[in-house]
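Spelled out from the first residue to the last, the chains are:
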Amino acid sequence: MTENQLSRLLDRIGDRSAKIAVIGQGYVGLPVAMRATEVGFRVVGYDTSPQRVEALRSGRSYIEDIPDEQLQAALEQGYYPTRDPLDLRAFEVAIITVPTPLRDGAPDLTFIESAGRDLAPRLEAGAVVVLESTTYPGTTEELLRPILESSGLEAGTDFFLGYSPERIDPGNAMWNLQNTPKVVSGVNAASCTAVEAFYGALIDKVVPVKSTAEAELVKLLENTFRHVNIALVNELAMFAKDLDVDIWSAIDATSTKPFGFMRFTPGPGVGGHCLPIDPSYLAWRVERRLGHRFRFVELANDVNSHMPDYVVTRIANLLNIDARAVRGSRILVLGLAYKAGTSDWRESPSTSVIEQLVELGAEVRVHDAHIPDHIAVELAAARVPCSDEELDAADLVVLLVDHPDLPYDAICSRAKLILDTKGCLRGREFRGELL
Ligand SMILES: NC(=O)c1ccc[n+]([C@@H]2O[C@H](COP(=O)([O-])OP(=O)(O)OC[C@H]3O[C@@H](n4cnc5c(N)ncnc54)[C@H](O)[C@@H]3O)[C@@H](O)[C@H]2O)c1
């Protein structure tokens, strides 16, 4: 039974006649839907947000890496955004890319559960379901599988089930969905083959692993590695400042070692949907399952989440040089996104820096050309252009995001005082300090 179903599914994937449903049309799901459409599949993009579906239907992309033209071309090729679960009928491949936030420090898997509940009644024998949302090892088998099996079909026998972590790096011009190797897995060998075949149609290189739990761990290992190493350089940056050593040039020199070292640089903290959240999924699972605390994650959370406080202290110290208090000073914040080149400001450390400065009585103005004005940013700070007037009028300019399109020459020549938390003004003349 499975073998016939598998070979039929592989044929349908091979000739692109399979119907694909991508559940969640966000930073992860929309690029998957676009790529699947581009290679010739019929794709339904299912999302519960009416605003998002409406924007997609009218050809307006809210994801920077997907230009409107690409979305419009996909719509012409048959890509179908919808929020009606009935449109999921008769899917052959379903990819789940819904959010996995933390709620009160614990994983919130309700979005995965509801995606599973929308798919289960439409699940047919021979289809494959793949979870891409980042989560702790065991989720696909323990949480998603029983929901899908409520259909009466058995995973691995009647339908195929797998997990494949997303590695999308918003704003990265070099590594994209197609050329970044993709780890794939299944609850059994047939499932893994089905998952591998689907991604093989989209992506240059797929890397099968033994189990869904292993694939789930891969993603958390990647993000925990980054989180811990960023915390390491952040803590070192604070000590180096007090030791009067230039951390930036020490990192440059260390980076000349061709083996055994990977470059990370200091900054105002971590943001986005991954680093502040994913390692805590792993720590939660380890504590729940094994009764152990994941000390590296706790330490990294502690260091990185306090970086905005450190930035505010450094701002206060810098203003002190000019005999100014934070209260009443006009501070221009450059960067609201969580990293360069993206419009994603979820969990951005800039938010905390701004809130603290406002709390201390500063007059805060914020510039980020990547974040559209219509995005309601609930900050007690005016949104302004990075104009000569704003630079001239600020008592201090703090650079929190190294967006490539900032007017760096004007910033250096006009700002009275600068705190550069990203090291992007290195090698230039300016009055102020690096983090
Ligand atoms: N953003 C990244 O860079 C990135 C990278 C790797 C992995 N991830 C992981 O991928 C997952 C998705 O992240 P994202 O950044 O794309 O999130 P996102 O918020 O940009 O998109 C998720 C979308 O899912 C929709 N949604 C929520 N519940 C739904 C449901 N039941 N059915 C259909 N649609 C639903 C939301 O309306 C939203 O449009 C998360 O687990 C995240 O950790 C994100």
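Whatever comes next refers back to the structure up there.
This is a predicted model, so every value here is computed, not measured.

Q: How do you make sense of the overall build of the protein chain when you look at a structure like this?
A: The number of helices and strands found in the protein chain is 14 helices and 16 strands. For 435 residues, the compact-globule estimate of 2.2 N^0.38 gives 22 Å, and the C-alpha radius of gyration of the protein chain, at 24 Å, lies within 12% of that figure. Projected onto its principal axes, the C-alpha positions of the protein chain cover 80 × 50 × 40 Å. The burial tally for the protein chain puts 53% of its 435 residues in the buried class.

Q: Just checking my understanding: could you explain helix H11 (residues 295-321) for this structure?
A: For an α-helix, the turn length of 3.6 residues means that residues three or four places apart are oriented alike. The end-to-end C-alpha distance of H11, which contains 27 residues, comes to 38 Å, matching closely the 39 Å that a straight helix rising 1.5 Å per residue would cover. Of all the bends in H11, the greatest reaches close to 40 degrees and is centred on Met307; the proline Pro308 follows between one and four positions later. Immediately beyond the C-terminal end of H11, within one or two residues, lies Ala323, with a positive phi of roughly 55 degrees.

Q: What's the story with the site of the ligand in this structure? I'm lost.
A: Neighbouring the ligand are 27 residues; Val28, Asp47, Arg52, Thr100 and Ser114 lie closest to it. Between the ligand and the protein, one listed contact pairs an oxygen atom with a backbone N or O atom of Tyr27 at 3.1 Å. In the model, an oxygen atom of the ligand is placed 3.5 Å from a nitrogen or oxygen of the Val98 main chain. Out of a free accessible area of 830 Å², the ligand has 94% covered by protein chains. Counting residues per element, the shell around the ligand draws most heavily on helix H5 (residues 110-119), which supplies 3 residues. Looking at the shell around the ligand residue by residue, the classes come out as 11 nonpolar, 11 polar and 5 charged.

Q: What am I meant to see in the packing of helix H1 (residues 2-14) against helix H7 (residues 189-200) here?
A: Two packed helices can be described by the angle between their axes and the distance between those axes. Relative to each other, H1 and H7 sit at 5 degrees, their axes nearing to 10 Å. In terms of axis orientation, H1 runs roughly parallel to H7. Facing H1, whose interface residues are Thr2, Leu6, Leu9, Leu10 and Ile13, H7 presents Ala190, Thr193, Ala194, Ala197 and Phe198. Partitioned by chemical class, the residues of the contact of H1 with H7 number 8 nonpolar, 2 polar and no charged.

Q: Which parts of the structure should I look at to understand the sheet that holds strand E12 (residues 363-367)?
A: Sheet strands pair by backbone hydrogen bonding; their relative direction is either parallel or antiparallel. Spatial strand order, E13-E12-E11-E14-E15-E16: 6 strands in an open sheet with parallel pairing. Edge positions in the open sheet fall to strand E13 (382-383) and strand E16 (432-434), since each of these has one partner strand only. With 3 bridges joining them, strand E15 (residues 418-420) and E16 adopt parallel strand pairing. Residue Leu419 lies in a different strand from E16, and its bridge partner there is Glu433. Sheet contacts for helix H12 (residues 349-359): strand E11 (330-334) and E12; angle to E12, the most-contacted strand, approximately 160 degrees.

Q: Hey, could you run me through the sheet that holds strand E10 (residues 206-208) in this one?
A: The sheet built from 8 strands is open, its strands ordered E3-E2-E1-E4-E7-E8-E9-E10 with mixed pairing. Both outer strands of the open sheet, strand E3 (80-82) and E10, are each paired with one neighbouring strand and no more. The mean inter-strand angle of the sheet, taken between neighbouring strand axes irrespective of direction, is 25 degrees. In this structure, strand E8 (residues 160-163) lies alongside strand E9 (residues 182-186), joined through 2 bridges in antiparallel fashion. Considered in E9, the bridge of Tyr163 is made with Ser185.

Q: Is there a simple way to think about the side chain of Glu390 in this case?
A: If you trace the backbone, Glu390 turns up in helix H13 (residues 388-393). Within the structure, the side chain of Glu390 is placed 3.1 Å from the side chain of Arg365, a separation counted as a polar contact. Residues contacting Glu390, with those up to four places away along its chain left out, are Arg330, Leu332, Arg365, Val384 and Pro385.

Q: Would you explain the side chain of Lys219 in this entry?
A: Tracing the backbone shows Lys219 in helix H8 (residues 212-243). Summary of buried charges: Lys219 has no salt-bridge partner, and the nearest side chain of opposite charge, Glu222, is 4.5 Å away. Ignoring any residue separated from it by four or fewer positions in sequence, one finds Lys219 in contact with Thr134, Tyr163, Pro165, Glu166, Arg167 and Asp278.

Q: What is the right way to look at the packing of H11 against H12 in this model?
A: Running from amino to carboxyl end, H11 crosses H12 at an angle of 45 degrees, the nearest separation of the two axes being 9 Å. With respect to H12, the element H11 is oriented oblique. Considering the relative orientation of H11 and H12, their crossing is right-handed. Residues Pro308, Asp309, Val311, Val312 and Ile315 of H11 pack against Pro349, Ser352, Val353, Gln356 and Leu357 of H12. Residue composition of the contact of H11 with H12, by class: 7 nonpolar, 2 polar and 1 charged.

Q: Would you mind showing me how to read the packing of aromatic side chains here?
A: Aromatic ring pairs: the centre-centre distance and the angle between the two ring planes describe each pair. Applying the stated criterion across every chain, the model contains 5 aromatic pairs. Taking the centre distance of 5.7 Å and the plane angle of 50 degrees together, the rings of Phe41 and Phe198 count as tilted. Taken as a pair, Phe41 in the loop between helix H2 (29-38) and strand E2 (42-46) and Phe198 in helix H7 lie far apart in primary sequence, 157 residues in all. Here Phe41 falls in the buried class, since its relative accessible area comes to 3%. Residue classification places Phe198 among the buried positions, given a relative accessible area of 1%. Each ring, one from Phe198 and one from Tyr199, has its centre 5.1 Å from the other, and the planes form 65 degrees; the classification is edge-to-face. Judged by its relative accessible area of 1%, Tyr199 falls in the buried class. What links up through ring pairs into an aromatic cluster is the set Phe41, Phe198 and Tyr199. The lysine or arginine in question, Lys182, covers the ring of Tyr199, its NZ or CZ lying 4.7 Å from the ring centre.

Cut-offs applied
- Residues numbered from 1 in each chain as written.
- Predicted model: local features only at pLDDT ≥ 70, side-chain atom pairs only at ≥ 80, totals over all residues.
- Heavy atoms only, no water.
- Helix = DSSP H or I, 4+ residues; strand = E, 2+ residues; numbered from the N terminus.
- Rg over C-alpha atoms; globule rule 2.2 N^0.38 Å.
- Buried < 20%, exposed > 50% of the residue type's maximum accessible area, 1.4 Å probe, protein only.
- Expected span 1.5 Å × (residues − 1).
- Bend = angle between axes of the 7 residues up to and from the residue.
- Near = heavy atom within 4 Å.
- Polar contact = N/O pair within 3.5 Å; in protein donor to acceptor, adjacent residues only side chain to side chain.
- Areas by Shrake-Rupley, 256 points an atom, 1.4 Å probe, with all protein chains shown as cover.
- Nonpolar A, V, L, I, M, F, W, Y, C, P; charged D, E, K, R; others polar.
- Axes fitted to C-alpha atoms, helices over the stretch in contact; angles between N-to-C directions.
- Parallel < 35°, antiparallel > 145°, perpendicular 65-115°, else oblique.
- Contact = heavy atoms within 4.5 Å.
- Pairing = 2+ DSSP bridges.
- Lys, Arg positive; Asp, Glu negative; His and termini not counted.
- Salt bridge = Lys/Arg side-chain N within 4 Å of Asp/Glu carboxyl O.
- Left-handed = near helix turned anticlockwise from the far one by under 90°.
- Phe/Tyr/Trp six-rings, centres within 6.5 Å; stacked < 30°, edge-to-face > 60°.
- Lys NZ or Arg CZ within 6 Å of the ring centre and 35° of its normal.

Geometry only, nothing functional implied.
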